[in-house]
Amino acid sequence: MADAAPSLLPRLLQPFAKRDLTPDSFEARTVGDITRVDIAMEAMPAEMVHLVEGNLSQTVGVRNVTLRKEITGQVRRRAA
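Draft legend 1. Examining the packing of helix α1 (residues 8-17) against helix α2 (residues 46-57) more closely. α2 packs onto α1 with a crossing angle of 155° between their chain directions and a minimal axis gap of 9 Å. Classified by the angle their axes make, α1 and α2 are roughly antiparallel. Here α1 and α2 pass one another in a crossing that is right-handed. Across the interface between the two elements, L12, P15 and F16 from α1 touch V52, N55 and L56 from α2. Residues of the contact of α1 with α2, tallied by class, amount to 5 nonpolar, 1 polar and no charged.

Here it is as C-alpha cells:
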C-alpha cells in the first residue's frame, strides 16, 4: 500500500529496472488516497529479493511492503 501519487508507479518499477529485471505482472488500484500495487515475477534471483524489497520499502509514500513467495510445485529437468 502507498499514498496515491502521479509518480508512484515509475518509482516502484525503478528497483527492478536498475537490476535489469522485468516483472511478469504489474497491477495497481487506487481507492481514495491509497494505491495498492501488486508486482509479480515468475522467478527472481535469490540475491535480488531482499535488495528489491528494501528499495521498495524506502520509496517515498510506500506504507507497507509484503513479500509473498509462492511454491508452484513445478519441477524442471534438463536433459543431459
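From this point, the discussion proceeds with the structure in view.
Draft legend 2. Representation of unusual backbone geometry. The backbone of D20 sits at a positive phi, close to 60°, despite the residue not being glycine. Following the sequence through the fold, D20 ends up in the loop between α1 and β2 (25-31). According to the relative accessible area criterion, D20 is exposed, its value standing at 71%.

Draft legend 3. Region of interest: the environment of T35. Looking at where T35 falls in the secondary structure, it is placed in strand β3 (residues 34-40). A sequence separation of 28 residues divides T35 from R63, and the C-alpha atoms of the two residues are 9.9 Å apart.

Draft legend 4. Geometry of the nonpolar core. Counting residues in each nonpolar core, the largest one holds 10 residues, listed as A2, L8, L12, F16, L21, V37, M48, V52, L56 and V62. Among the secondary structure elements, those contributing two or more residues to this core are α1 and α2. Excluding anything up to four places from it in sequence, A2 contacts L8, D33, I34, T35, G61, V62 and R63.

Draft legend 5. Structural detail: the sheet that holds β2. Ordered in space as β1-β3-β2, the 3 strands form an open sheet in which the pairing is antiparallel. A strand with exactly one partner marks an edge of an open sheet, and here the two such strands are β1 (2-3) and β2. Direction of pairing for β2 relative to β3: antiparallel, over a ladder of 7 bridges. Looking at the pairing, T30 lines up with T35 of β3. Most of the contacts of α1 go to β3, to which it runs at about 30°, and overall it touches β1, β2 and β3.

Basis of the calculations
- Residues numbered from 1 in each chain as written.
- Predicted model: local features only at pLDDT ≥ 70, side-chain atom pairs only at ≥ 80, totals over all residues.
- Heavy atoms only, no water.
- Axes fitted to C-alpha atoms, helices over the stretch in contact; angles between N-to-C directions.
- Helix = DSSP H or I, 4+ residues; strand = E, 2+ residues; numbered from the N terminus.
- Parallel < 35°, antiparallel > 145°, perpendicular 65-115°, else oblique.
- Left-handed = near helix turned anticlockwise from the far one by under 90°.
- Contact = heavy atoms within 4.5 Å.
- Nonpolar A, V, L, I, M, F, W, Y, C, P; charged D, E, K, R; others polar.
- Buried < 20%, exposed > 50% of the residue type's maximum accessible area, 1.4 Å probe, protein only.
- Core = buried A, V, L, I, M, F, W, Y, C linked by side-chain atoms within 4.5 Å.
- Pairing = 2+ DSSP bridges.

Limitation: the analysis is restricted to geometry and does not speak to function.
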